[in-house]
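What the coordinates show
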Amino acid sequence: MEPTRTAAAATESRLFAMQFTSSPRGARLARQLTVRRMAEWGYPPSSDPSGTVSLLVAELAANAVRHGHVPGRDFHLRIALDVPTRLIRIEVADASARQPRFGSETVAGPEDESGRGLLLVAVLAVRWGTAPRTPVGKTVWAEVVVDAP
């Protein structure tokens, strides 16, 4: 019976999805619940995978609040772990069609307090990008590969 359970676990995927108010408090709660969910998936808060995923969620959620906020609309967080490949996909969807700017358009000066979020995302993620959201808005996503817990 153990081999069957192991085979089933090998094909398992895990999912966390929730809607948050488009506010700094909502972004903070998204990060906190991400850390909690990562712990439930076997990645304690002090682990590198938890730190990386929570940082990506924090950056994407903060951008959704700051740059993608539409009055009266929330943002949506979705985190999926594909257990066999250890790929975690983070998606943050907001109601704004405004696309994130990255690269030469967003060079932050040494004294600037913002402007480096997507640079962090690009460094930490194996891939990241955007997709249109139906019926309105966009989804910004990032993927990371983590070690087994």
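Keep in mind that this is a model prediction, so the values were computed, not measured.

The rules behind each value
- Residues numbered from 1 in each chain as written.
- Predicted model: local features only at pLDDT ≥ 70, side-chain atom pairs only at ≥ 80, totals over all residues.
- Heavy atoms only, no water.
- Salt bridge = Lys/Arg side-chain N within 4 Å of Asp/Glu carboxyl O.
- Buried < 20%, exposed > 50% of the residue type's maximum accessible area, 1.4 Å probe, protein only.
- Helix = DSSP H or I, 4+ residues; strand = E, 2+ residues; numbered from the N terminus.
- pLDDT = per-residue confidence, 0-100.
- Contact = heavy atoms within 4.5 Å.
- Expected span 1.5 Å × (residues − 1).
- Axes fitted to C-alpha atoms, helices over the stretch in contact; angles between N-to-C directions.
- Left-handed = near helix turned anticlockwise from the far one by under 90°.

1. Re the pattern of salt bridges
- Applying the stated criterion to the full structure yields 7 salt bridges.
- Between glutamate 91 and arginine 89 there is a salt bridge whose closest N-O contact spans 2.7 Å.
- You can call arginine 89 partly exposed: its relative accessible area is 23%.
- The residue glutamate 143 makes a salt bridge to arginine 89 at a minimum N-O spacing of 2.8 Å. Of this pair, glutamate 143 sits in strand E5 (residues 138–145) while arginine 89 sits in strand E3 (residues 87–94); the two residues are 54 residues apart in sequence, bridging distant segments of the chain.
- Residue classification places glutamate 143 among the buried positions, given a relative accessible area of 7%.
- One salt-bridge network, held together by shared partners, links Arg78, Arg89, Glu91, Arg127 and Glu143.

2. Focus on the confidence of the model for the protein chain
- Averaged over all residues, the pLDDT of the protein chain is 86; the fraction at 70 or higher stands at 82%.
- Counted against residues more than four places away or in other chains, residues 1–5, with its pLDDT under 50, gives 0 contacts.

3. So, helix H2 (residues 24–40)
- In this model H2 runs 25 Å from its N-terminal to its C-terminal C-alpha over 17 residues, within 8% of the 24 Å that 1.5 Å per residue would give.
- If you check which residues of H2 are buried, you get Gly26, Ala27, Ala30, Leu33, Thr34, Val35 and Met38.
- In this structure, the buried side of H2 is in contact with strand E1 (13–20), helix H3 (48–67), strand E2 (75–82) and E3.
- Trailing H2 by a residue or two, glycine 42 shows a phi angle of about 100°, which is positive.

4. Regarding the packing of H3 against helix H4 (residues 117–124)
- Packing of H3 against H4 leaves a shortest axis separation of 10 Å and a crossing angle of 145°. The two elements H3 and H4 meet at a crossing, and its hand is left-handed. In this structure, H3 uses Thr52, Leu55, Leu56, Glu59, Leu60 and Asn63 to contact H4, whose residues at the interface are Gly117, Leu118, Leu120, Val121 and Leu124.

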